[in-house]
Structures are given as structure tokens and as C-alpha cells.
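So the chains spell out like this:
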Amino acid sequence: MSFLSTRAEFEACLLQFFNESNACSSEIIKWHWQESQSILKQTYLKRNTIVLLNKPTIDYTSFNLNENQLIEEENDPSIIDQHMTDNSIQLEHHIVYSTSYQVPVLYFKANYNNGTPLSHAEIYKYIISEVYQHIALSQNEHPILLEPFWYIHPCDTRTLMKTFEFKSLDYIKVWLSVYGPMVKCSMSTDMFK
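The text that follows walks through the structure, step by step, so that each part is easy to find. (Residues numbered from 1 in each chain as written. Predicted model: local features only at pLDDT ≥ 70, side-chain atom pairs only at ≥ 80, totals over all residues. Heavy atoms only, no water.)

1. Quick notes on the overall build of the chain
Thinking step 1. Counting its regular elements, the chain contains 6 helices and 6 strands.
Thinking step 2. Moving toward the C terminus, one meets the helices and strands of the chain in the order α-β-β-α-α-β-β-α-β-β-α-α.
Thinking step 3. Look at the contacts in the chain between residues 6 or more apart in sequence, and 59% of them connect residues 24 or more apart.
Thinking step 4. For the chain, the exposed area adds up to about 11100 Å²; of that, 51% sits on carbon and sulfur atoms. (Helix = DSSP H or I, 4+ residues; strand = E, 2+ residues; numbered from the N terminus. Contact = heavy atoms within 4.5 Å. Areas by Shrake-Rupley, 256 points an atom, 1.4 Å probe, with all protein chains shown as cover.)

Set out below in C-alpha cells:
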């Protein structure tokens, strides 16, 4: 199966993935089932994560602390909380059906904690690792929310999915295992046990 010919097929696969993912104890970040407010009642999945840009660096040289006090201070969550605004990105992923391509599409938006969206260059710097710098990334209106979102263009999804053998209800899981890591949307390998 290389494509999902109807929205009903997509929603059946989406529900299977949603239930399996949220039941997986090693899947830390949970997906949320969303339904549009329009007459069509389109469904999609959503999940939110925080991406830490770097570990906070604190200059301890001005303090008279011994080594044990330094270790306690570095592991203190309040230190991380103080630096969250400057050192983290809020990342929101959506799995949405493309009626044109008849495949799922991974949409995402990334903002600094103050609400400022990341630029194209910042997306490639902080979200997409060097291994995936070749992906066809676009920005367009989210088909359900009608807001600007980034997405991995679905033009090659059918061709890629033809290379895998899997049960039809596992379509989303297999597809996301390939496309998810490209934009920091990984899943536990326990999902395949």
C-alpha cells in the first residue's frame, strides 16, 4: 500500500497509530486527537515538544562553592527554567491528510518561547539535522487551521512507501518512522515490537 485513497482509510490508520502510540509506555510525548470545527469534521493528530537549544552555561567562578555544590546546582531544574526563554523552541507537529496526494503530510511550526517563529534558516539550523538538509521543506497554509505551517512536501511519499512491506493499518507508523526524524518528530523503536 503506497497511498491512502480515501480520508476514511487515512482516519482508520491514524486511529490505529494514535491508540498504539499512546499505549506505548516508552513513547514519552503523546499525540492528541484533533477534529476540525468545519462541517467536514476533518481529523488530524497533534503533539507538542520543547527543543532545548543548548544546556545552560553558568559561570561558577565567582562563587566560592565546592565540587559537590556545583553538581547539585547544575542539576537543579530551576536553573533550566530560568534559561528556557532563551534556550528552547516550542515545536508543534501535526499529521494531516493530503487529498491531492492521498498520503499523510507532516506539518509543523516552531517558535521561540516568546512566540517569535523561527525563520527558514533557523528551521534548518535547529530543527533539521545535517543528515536531512536535502528534504523538500515548504511553508504554506495548514489545510485545516488555515495558519502558516512548515511541512515536508508529500511529492515523493508514494514512491517511498512502495519500498516497504507492512500491514495496511500500520501505514502512519511506517511513514512517520521515515519522515518524523527529519523534523524532530521521532518515535520509540518499541512501536515496532
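From this point on, the discussion continues.
2. Details of helix 1 (residues 7-23)
Thinking step 1. Relative to the 24 Å expected for 17 residues at 1.5 Å per residue, helix 1 spans 24 Å between its end C-alpha atoms, a close match to the ideal helical length.
Thinking step 2. Where helix 1 is concerned, the buried positions are Phe10, Cys13, Leu14, Phe17, Phe18 and Ser21. The buried residues of helix 1 occupy one face: seen down the axis, they fall within an arc of 140°. Facing away from the buried surface of helix 1 by more than 90 degrees, the exposed residues are Ala8 and Ala23. (Expected span 1.5 Å × (residues − 1). Buried < 20%, exposed > 50% of the residue type's maximum accessible area, 1.4 Å probe, protein only. Arc of directions from axis to C-beta.)

3. A short note on the layout of surface pockets
Thinking step 1. Space inside the largest pocket adds up to approximately 250 Å³.
Thinking step 2. Looking at the largest pocket, it is lined by 17 residues, and the ones nearest its centre are Tyr97, Ser98, Thr99, Tyr107 and Pro143.
Thinking step 3. Mapped onto the lining of the largest pocket, the elements with two or more residues apiece are strand 3 (88-98), strand 4 (103-112) and strand 5 (137-141).
Thinking step 4. Taken together, the residues of the lining of the largest pocket sort by class into 9 nonpolar, 6 polar and 2 charged.
Thinking step 5. Taken as a whole, the second largest pocket encloses approximately 160 Å³ of empty space.
Thinking step 6. Classifying every residue of the lining of the second largest pocket gives 8 nonpolar, 2 polar and 1 charged. (1 Å grid on protein atoms, 1.4 Å probe; cavity = no way out; pocket = protein on both sides within 12 Å on 5 of 7 lines; lining within 4 Å. Points joined across faces, edges and corners; volume = space filled by probe spheres on them. Nonpolar A, V, L, I, M, F, W, Y, C, P; charged D, E, K, R; others polar.)

4. Focus: the sheet that holds strand 5
Thinking step 1. In space, the 6 strands of this open sheet follow the order 1-2-3-4-6-5, with antiparallel pairing throughout. For this open sheet the edge positions go to strand 1 (32-35) and strand 5, each flanked by a neighbour on one side alone. Ignoring which end each strand starts from, the neighbouring axes of this sheet average 35° apart.
Thinking step 2. As paired elements, strand 1 and strand 2 (residues 43-52) share 4 bridges and run antiparallel to each other. Each bridged residue has a counterpart across the sheet, and for Glu35 the counterpart in strand 2 is Thr43.
Thinking step 3. Sheet contacts for helix 1: strand 1, strand 2, strand 3 and strand 4; angle to strand 2, the most-contacted strand, approximately 45°.
Thinking step 4. Contacts from helix 6 (residues 171-179) reach strand 3, strand 4 and strand 6 (148-152) within the one sheet, and its direction differs from that of strand 4 by about 45°. (Pairing = 2+ DSSP bridges. Axes fitted to C-alpha atoms, helices over the stretch in contact; angles between N-to-C directions.)

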